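The residues making up each chain are set out below.
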Amino acid sequence: MHLKDLKHVTSTRQLEDTEILDELYAITDDMERRDSRHDLNRASLRGRLLANVFYEPSTRTRFSFDAAMQKLGGRIIDTESAGHFSSVTKGETLEDTIRIIAGYADVIVLRHNVTGSAMRASSVSDVPVINAGDGTGEHPTQALLDMYTIKRELGRTDNYTLSMIGDLKHGRTIHSLLHLVSLYPNVKVNLASPEELKLPEEYKEYLMIKKIPFEEHFNIESILENSDVLYVTRIQKERFSSLEDYERVKGSYIINKESLWKMKKDAVIMHPLPRVDEISPEVDTDKRAAYFRQAKNGMYVRMALLQSLLKRKNGNENSY
Ligand code: NCD
């Protein structure tokens, strides 16, 4: 499968092999190189319009799509808090909203609180729909930038141990990333979470089908020392039905200076961000802390993706 075969980006499961990732990451590297030399082709997406349609809060995803589009010369139309400020408050369906926006924009970036929304949107949209997080479902572009970060920071995408920590039930970035991880050989996965926040069965079954060895843990002490990549996530307060349920599990894991002593010298610490208290700020200055670099990578990966999705109509395949 090649980048040119991709129309919508709703789930990482669309990607059947690593070929498409190789293509995307080659463009991403080039975007980064050119940006550092102030040599981006700002004409490449000139005249193209991206609609950011966000029904849930976002900082990184929205801003990085916005920056990515503008750095390539494109423009943005934007509705933050779409659930409050759009016609949804008048009872309009997602499908109608998307059909209308598809008539105005060349690409739609959608974040929604209901799982499956991006898929629904893509079924009625003439222009590419990019899933920027659908409830507790998926967040494919985050996974693309996470995999890119693993590749850059670790120097490889195979033969490593990945430990995922925190809210594995609600963490859509985890759900999307597990599929990408499964495309490469010899990866071992540790899953550490409170009992109530374990990885849902469907994803565990998927790992079994893909023959990815995984272990479930409650404590992180035993997995810190053998992790090559530590992927930490926030306990997602907004997904709990009661505050008490949240209070019971909040602060379950904290990565701090003591954790660093136990970890491998060349480990990589990642987090999709925002963090609450699960990584102490004292970790930030350690060279293994990759999460701010990870967030920056997001912009370049999204530039590469937008370029790939939009260049066909533009006809300037090689100029970015
Ligand atoms: C994540 C999300 O929205 O799923 N944030 C992000 O996009 N970087 C993770 C989170 O909210 O905890």
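This is a predicted model, so every value here is computed, not measured. (Residues numbered from 1 in each chain as written. Predicted model: local features only at pLDDT ≥ 70, side-chain atom pairs only at ≥ 80, totals over all residues. Heavy atoms only, no water.)

(A) Geometry of the overall build of the protein chain. Along the backbone of the protein chain there are 12 helices and nine strands. In terms of C-alpha radius of gyration, the protein chain reaches 19 Å, essentially the compact-globule figure of 20 Å for 320 residues. Principal-axis analysis of the C-alpha atoms gives the protein chain an extent of 55 × 45 × 40 Å. Expressed as a percentage of its 320 residues, the buried residues of the protein chain come to 57%. Taking the contacts inside the protein chain whose residues are at least 6 apart along the sequence as the reference set, 73% of them involve residues at least 24 apart. A total accessible area of about 14,000 Å² is found for the protein chain, and carbon and sulfur atoms account for 49% of it. Each charge sign in the protein chain was given a centre, from 45 positive and 48 negative side chains, and these centres are 4 Å apart. (Helix = DSSP H or I, 4+ residues; strand = E, 2+ residues; numbered from the N terminus. Rg over C-alpha atoms; globule rule 2.2 N^0.38 Å. Buried < 20%, exposed > 50% of the residue type's maximum accessible area, 1.4 Å probe, protein only. Contact = heavy atoms within 4.5 Å. Areas by Shrake-Rupley, 256 points an atom, 1.4 Å probe, with all protein chains shown as cover. Lys, Arg positive; Asp, Glu negative; His and termini not counted. Charge placed at Lys NZ, Arg CZ, Asp CG, Glu CD.)

(B) Just the environment of methionine 69, in detail. Tracing the backbone through its elements, the reader meets methionine 69 in helix H2 (residues 60-71). Distance from methionine 69 to leucine 49, taken between C-alpha atoms, is 8.3 Å for residues 20 residues apart in sequence. Leave out the neighbours within four places in its chain, and methionine 69 touches Leu45, Arg48, Leu49, Leu50, Gly74, Arg75, Ile76, Leu306 and Leu310.

(C) How the structure looks around the pattern of salt bridges. On inspection of all chains with the given rule, the structure shows 24 salt bridges. Note that glutamate 56 is salt-bridged to arginine 172, the shortest N-O span being 2.9 Å. On the criterion of sequence distance, the pair formed by glutamate 56 in the loop between strand S1 (49-54) and H2 and arginine 172 in helix H7 (residues 172-181) is long-range, its members being 116 residues apart. For the pair glutamate 56 and arginine 172, one class covers both residues: buried. Residues glutamate 238 and arginine 234 are paired through a salt bridge, measuring 2.9 Å at the closest nitrogen-oxygen approach. Residue glutamate 238 is classed as partly exposed on the basis of its relative accessible area of 48%. Here the residues in one salt-bridge network are Asp30, Arg33 and Arg34, joined through shared partners. (Salt bridge = Lys/Arg side-chain N within 4 Å of Asp/Glu carboxyl O.)

(D) Up close: the domain arrangement of the protein chain. Here the domain parsing of the protein chain yields domain 1 (3-135 + 297-314) and domain 2 (140-289). Taking only C-alpha atoms into account, the centre of domain 1 sits 25 Å from that of domain 2. Contacts between the two partners involve 30 residues from domain 1, matched on the other side by 23 residues from domain 2. For the pair domain 1 and domain 2, the summed buried surface comes to about 2,300 Å²; carbon and sulfur atoms form 58% of the total. (Domains from an automatic or database assignment. Buried area = accessible area lost by both parts, 1.4 Å probe.)

(E) Just the site of the ligand, in detail. In the vicinity of the ligand, the residues found are Arg60, Thr61, Arg111, His139, Gln142, Arg172, Thr173, Arg234, Gln236, Pro272, Leu273 and Pro274. Glutamine 236 places a side-chain nitrogen or oxygen 3.4 Å from an oxygen atom of the ligand. Residue leucine 273 places a main-chain N or O atom 3.0 Å away from a nitrogen atom belonging to the ligand. Relative to its unbound accessible area of 320 Å², the ligand is 93% covered by the protein chains. Listed by contribution, the elements that provide at least two residues to the shell around the ligand are H2 and H7. Both domain 1 (3-135 + 297-314) and domain 2 (140-289) contribute no fewer than three residues apiece to the shell around the ligand. (Near = heavy atom within 4 Å. Polar contact = N/O pair within 3.5 Å; in protein donor to acceptor, adjacent residues only side chain to side chain.)

(F) Region of the structure containing the sheet that holds strand S9 (residues 268-270). Across the sheet, five strands lie side by side as S7-S6-S5-S8-S9; this open sheet has parallel pairing. Both edges of this open sheet fall to strand S7 (214-217) and S9, since each of them pairs with a single strand only. Strand after strand, the sheet turns through a mean of 15 degrees between neighbouring axes, direction not considered. Taken together, the four bridges between strand S5 (residues 160-165) and strand S8 (residues 229-232) define a ladder with parallel strand orientation. Paired with leucine 162 across the two strands is valine 229, which belongs to S8. Sheet strands touched by helix H6 (residues 140-154): S5, S8 and S9. Its angle to S9, the strand with the most contacts, is close to 160 degrees. (Pairing = 2+ DSSP bridges. Axes fitted to C-alpha atoms, helices over the stretch in contact; angles between N-to-C directions.)

(G) Molecular detail of unusual backbone geometry. Residues leucine 273 and proline 274 are joined by a peptide bond in cis, for which omega reads 5 degrees. With respect to the element layout, proline 274 can be found in the loop between S9 and helix H12 (291-314). Residues other than glycine seldom take positive phi values, yet asparagine 159 does so here, at roughly 55 degrees. Relative to the elements of secondary structure, asparagine 159 occurs in the loop between H6 and S5. A residue is classified by how much of its surface remains accessible, and asparagine 159, at 43% relative accessible area, is partly exposed. Positive phi, close to 60 degrees, is recorded for lysine 211, a residue that is not glycine. Structurally, the position occupied by lysine 211 is in the loop between helix H8 (201-209) and S7. Relative accessible area serves as the criterion here: at 72%, lysine 211 is assigned to the exposed category.

(H) Up close: the packing of aromatic side chains. Under the counting rule described, the total for this entry stands at three aromatic pairs. For the ring pair tyrosine 25 and tyrosine 148, a centre distance of 5.2 Å and an interplane angle of 55 degrees mean the geometry is tilted. Of this pair, tyrosine 25 sits in helix H1 (residues 19-36) while tyrosine 148 is found in helix H6, placing the two residues 123 residues apart along the sequence. With relative accessibility at 1%, the residue tyrosine 25 sits in the buried group. Over the ring of tyrosine 206 we find arginine 13, and its NZ or CZ is 3.8 Å from the ring centre. Between arginine 62 and the ring centre of phenylalanine 63, over which it is positioned, the NZ or CZ distance is 5.3 Å. (Phe/Tyr/Trp six-rings, centres within 6.5 Å; stacked < 30°, edge-to-face > 60°. Lys NZ or Arg CZ within 6 Å of the ring centre and 35° of its normal.)

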